[in-house]
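Listed here are the chains, written in short residue letters.
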Amino acid sequence: MTGPAPRVVEALNRALHRLFDERPTLHLLGEDVLDPYGGAFKATRGLSTRHPGRVLTTPLSEGGIAGVAGGLALAGDEAVVEMMFGDFAALAFDPVLNLISKSVTMYGERVPMPVVVRCPVGGNRGYGPTHSQSVQKHFLGIPNLALYETTPFHDPYALLKEGLDRGPSMLFEDKVLYTRRLYRDGVVDGHFAFQLLGGPAGWAHVAPADGGPADVVLLCPGGMAHRAIEAAHLLRERGATVHLLVPARLHPLDLEPVLPLITGARLVAVAEESTEGGTWGADVAARIHRQAWAELRAPVLLLSSADSVVPTAPHLEAEVLLGAPRIAAELGRALPEIAPTPVRPTAVEEAGRLAGVPVVMPKLNNNDTAYLVLEWHVPDGGYVEEGEPLLDVETSKAVEEITAPASGYLRVLAQTGSELGVAEPLAELFAAPQDEPAPAELPAEEPESAAPADRTYRLDRVQQGTAAVVTRAHREVPAAFAAVEVRVDAALERLRAVSEETDAEVGLPELLVRAVAAARPAFPHLFGTLLDERTVELADRADIAVTVDAGNGLYTPVLRDCAARPLAELADDLMEFRLKAYRGEFTAGELSGGALTVSLNLEPGVLLVRPIVMWPQLCMVSIAGPVRRLVPSDDGPVAANVVTLGLAHDHRVVNGRDAVAFLRTVAEGLSDPQQLAKLTD
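Read on for an overview of the structure. Only a predicted model underlies this, so the values are computations on that prediction, with no experimental measurement involved. (Residues numbered from 1 in each chain as written. Predicted model: local features only at pLDDT ≥ 70, side-chain atom pairs only at ≥ 80, totals over all residues. Heavy atoms only, no water.)

### Regarding the overall build of the chain
Here comes step 1: Check the secondary structure of the chain and you find 17 helices and 32 strands.
Here comes step 2: By residue count, 53% of the 681 residues in the chain fall in the buried class.
Here comes step 3: The long-range share in the chain, meaning contacts at least 24 apart out of those at least 6 apart in sequence, stands at 72%.
Here comes step 4: Carbon and sulfur atoms form 53% of the exposed surface of the chain, whose accessible area is close to 30300 Å². (Helix = DSSP H or I, 4+ residues; strand = E, 2+ residues; numbered from the N terminus. Buried < 20%, exposed > 50% of the residue type's maximum accessible area, 1.4 Å probe, protein only. Contact = heavy atoms within 4.5 Å. Areas by Shrake-Rupley, 256 points an atom, 1.4 Å probe, with all protein chains shown as cover.)

Structure, rendered in structure tokens:
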């Protein structure tokens, strides 16, 4: 297949259209489902225009909507019900429980009830307590009622078709998943692949592309899949192998296709967004214990969101809902508990007899050979448990937290503010308190009377990391600057067309990244790294960092292989970066490895931006906001949209002539019709 895979909501819309074409007795009921609105999330777009009379917009009465759907099914028709938000399915609980599901078997013979109730569910959208819940568990175990959930691996058509044929059923659709694209051709990313097991509505098995047995088998519904994959990447960096199992049908659950995978793992876990208690995950764990207890290495680990309503504020919402960092942390903590019994004393026991357990500077990315010690979380001489936060260090792209490799009493060896290379000693951990004073001490806290509380504040960790990078860049990089002006009317018109063709919000940021990436073959030294005063290491592909600031700190996540990927995929990644910046959820891997950085400053009124060079890179490109003004032409002055491109460059490697030539090449990509066509195909 060519072109980007469809987004989940697009695939859902296509599935509904196909079912309506195939089934003349099918109806759809819901609030605001008629065109041009097409439902709150546009899943029903175009249906009422194509099938008038079979798509019925309803009053605000979820109980009434479900009751009518049940009546249609009893009369021999079929119905799909759309709940505007899954939270409101509570109002339809009575007809689902007492009419639709019971009618199948309470009349002395089996009665077909082809009804699917669609429910948008889940948080991470800032919709607040009454529009963000995961209500799947409340419908679990109702006789005759099947439960499905959309995933990035399964075709929604298969789920809706099976749900109608076996009816009645409910289809839960994670709202964040709507904007994600389906995975296809068995590929998740550069490290993970997937295959479907147990039929089109069965399981997706996600595993490392290079194979290998599973340390962890993680089961989760489709709405949790991206967070689980991200957690698998985090654990992969720590040397643990994760296999992911995602079912499309939550209930009744068929474990047979995946039991051999489950029984071979060191740890089995279930992750879901709902709060704990009577959950799908608990039911899965009970079934696994019943069918495979003798072969499990430990009880199934259950991971859920916090016992709380879902807050509206994004930072509080992120604290409540189960996310990738917590999944990785919980799995990481559980793995040592089921590791083979050690044949030698533990690290702390050895520390008590011999010397302290060393804490050394780890290798955090491939760009840096040294990192800055920012802050110790444990005072010198204090006690810390294994796995607890020990200190923060700053890399060239992020602030990273280092945890204690063992439990013990801390002796600090590296002072705050010092820069250490990989494997250099940071501290030691001892089984008992040490009498000898440590050579380094934590800085004393400022007295409360130093300044009025309302006139001072402490920089957060993200801003401290930004400040450290900027300071280092100004100290070490002899930067120069060049700028050119570019007319972008043709680019804006073409981008509007691409957005309509791909249903992706494609704009100048994505086009600029592609134009910069396309210039790499002609200007490879701009994408290099200065290893010493005479040696430049060239990048093997255009991995480009972009600046993202959602109001809680500046991040520079990296778009990978930008020259080879379509604009729509870059737009998807940028949208995901903005969401992660909003929640502050970036991993070190996402913030490292860029060969060059693009600074995005497209706010109205921004005329020119002079960026820094992000060590160890050699260049940063900037773009300012479009400005409408008169520009010369063959027919005299005309009104046009123009932007200013800037290039900060390391003068040790890049000369002014190369900088201007590079900017002109990038500018052609934003203005020349032939170059635009190549970059946007």
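Moving on from the model shown.
### Comments concerning the pairing of strand β32 (residues 638–650)
Here comes step 1: Of all 13 residues making up β32, 11 are buried, and the element is well covered by its neighbours.
Here comes step 2: For strand β22 (residues 479–487) and β32, the ladder comprises 9 bridges, and the chain directions are antiparallel. Considered in β32, the bridge of phenylalanine 481 is made with alanine 648.
Here comes step 3: As paired elements, strand β30 (residues 619–624) and β32 share 5 bridges and run antiparallel to each other. Following the sheet pairing, methionine 620 is matched in β32 by alanine 648.
Here comes step 4: For strand β31 (residues 627–631) and β32, the ladder comprises 5 bridges, and the chain directions are antiparallel. Bridged to valine 631 within β32 is valine 638.
Here comes step 5: Here β31 hands over to β32 after 6 residues, with glycine 636 in that stretch at a positive phi of 100°. (Pairing = 2+ DSSP bridges.)

### A word on the pairing of strand β21 (residues 425–430)
Here comes step 1: In terms of burial, β21 is a largely internal element, 5 of the 6 residues being buried.
Here comes step 2: Pairing analysis gives 4 bridges linking strand β14 (residues 357–360) to β21, with the strands arranged antiparallel. In the strand pairing of β21, valine 359 is matched with alanine 427.
Here comes step 3: Sheet topology note: the strand β19 (residues 408–412)/β21 ladder contains 4 bridges and is antiparallel. Following the sheet pairing, arginine 411 is matched in β21 by glutamate 428.

### Here we look at the environment of alanine 231
Here comes step 1: One can find alanine 231 in helix α6 (residues 225–237).
Here comes step 2: What makes alanine 231 buried here is its relative accessible area of 1%.
Here comes step 3: Remark: the alpha-carbon pair of alanine 231 and glycine 323, spanning 92 residues in sequence, is separated by 8.4 Å.
Here comes step 4: Not counting residues within four places of it along the chain, the set of residues in contact with alanine 231 comprises Ala324, Ile327 and Ala328.

### Describing helix α3 (residues 62–74)
Here comes step 1: For α3, with 13 residues, the first-to-last C-alpha span of 19 Å sits near the 18 Å given by 1.5 Å per residue.
Here comes step 2: Considering only its buried residues, α3 is in contact with β1 (26–30), β3 (78–82), α4 (93–100) and β4 (115–121). (Expected span 1.5 Å × (residues − 1).)

### Some thoughts on the side chain of threonine 547
Here comes step 1: Tracing the backbone through its elements, the reader meets threonine 547 in the loop between β25 (544–546) and β26 (548–549).
Here comes step 2: Of the polar contacts made by the side chain of threonine 547, one reaches the backbone nitrogen of leucine 600; its length is 2.9 Å.
Here comes step 3: Filtering out sequence-adjacent residues up to four positions away, threonine 547 remains in contact with Leu554, Tyr555, Thr556, Thr597, Val598, Ser599 and Leu600. (Polar contact = N/O pair within 3.5 Å; in protein donor to acceptor, adjacent residues only side chain to side chain.)

### Some remarks on the sheet that holds strand β13 (residues 301–305)
Here comes step 1: Read across the sheet, 6 strands follow the order β7-β8-β10-β9-β12-β13 without closing on themselves; strand pairing throughout is mixed. Whereas interior strands pair on both sides, the edge strands pair on one side only; in this sheet they are β7 (192–197) and β13. In this sheet, neighbouring strand axes are inclined to one another by 20° on average, regardless of whether the strands run parallel or antiparallel.
Here comes step 2: For strand β9 (residues 216–219) and strand β10 (residues 242–247), the ladder comprises 4 bridges, and the chain directions are parallel. Within β10, the position partnered with valine 216 by the bridge is valine 242.
Here comes step 3: Of the strands in this sheet, β7, β9, β10 and β12 (267–275) touch α6, which is tilted by about 175° from β10.
Here comes step 4: Against the sheet, helix α8 (residues 280–292) engages β9, β10, β12 and β13, with an angle of about 155° to β12. (Axes fitted to C-alpha atoms, helices over the stretch in contact; angles between N-to-C directions.)

### Topic: helix α13 (residues 489–502)
Here comes step 1: Taking 1.5 Å of rise per residue, 14 residues should cover 20 Å, and α13 covers 20 Å from first to last C-alpha, within 8% of that figure.
Here comes step 2: Regarding α13, the residues found buried are Ala491, Leu495, Val498, Ser499 and Thr502. Down the axis of α13, the buried side of the element spans an arc of 100°, and every buried residue falls inside it. Within α13, the exposed residues directed more than 90 degrees away from the buried face are Glu493, Arg496, Glu500 and Glu501.
Here comes step 3: Where the residues of α13 are buried, they touch α1 (8–22), α14 (508–518), α15 (567–583), α16 (656–671) and α17 (673–680).
Here comes step 4: Note on α13: the residue one or two positions beyond its end, aspartate 503, has a positive phi of about 55°. (Arc of directions from axis to C-beta.)

### Let's talk about the packing of aromatic side chains
Here comes step 1: On inspection of all chains with the given rule, the structure shows 11 aromatic pairs.
Here comes step 2: Here the guanidinium or amino end of arginine 18 rests over the ring plane of tyrosine 157, the centre of that ring lying 3.6 Å away. (Phe/Tyr/Trp six-rings, centres within 6.5 Å; stacked < 30°, edge-to-face > 60°. Lys NZ or Arg CZ within 6 Å of the ring centre and 35° of its normal.)

### Describing the packing of α3 against α4
Here comes step 1: Where α3 contacts α4, the two axes come as close as 8 Å, and the packing angle between them is 25°. In this view, α3 runs roughly parallel relative to α4, as classed from their interaxial angle. The two elements α3 and α4 meet at a crossing, and its hand is right-handed. The residues of α4 that touch α3, namely those facing Gly63, Ala66, Gly67, Gly70 and Leu74, are Pro95, Leu99 and Ile100.
Here comes step 2: Broken down by class, the residue content of the contact of α3 with α4 amounts to 5 nonpolar, 3 polar and no charged. (Parallel < 35°, antiparallel > 145°, perpendicular 65-115°, else oblique. Left-handed = near helix turned anticlockwise from the far one by under 90°. Nonpolar A, V, L, I, M, F, W, Y, C, P; charged D, E, K, R; others polar.)

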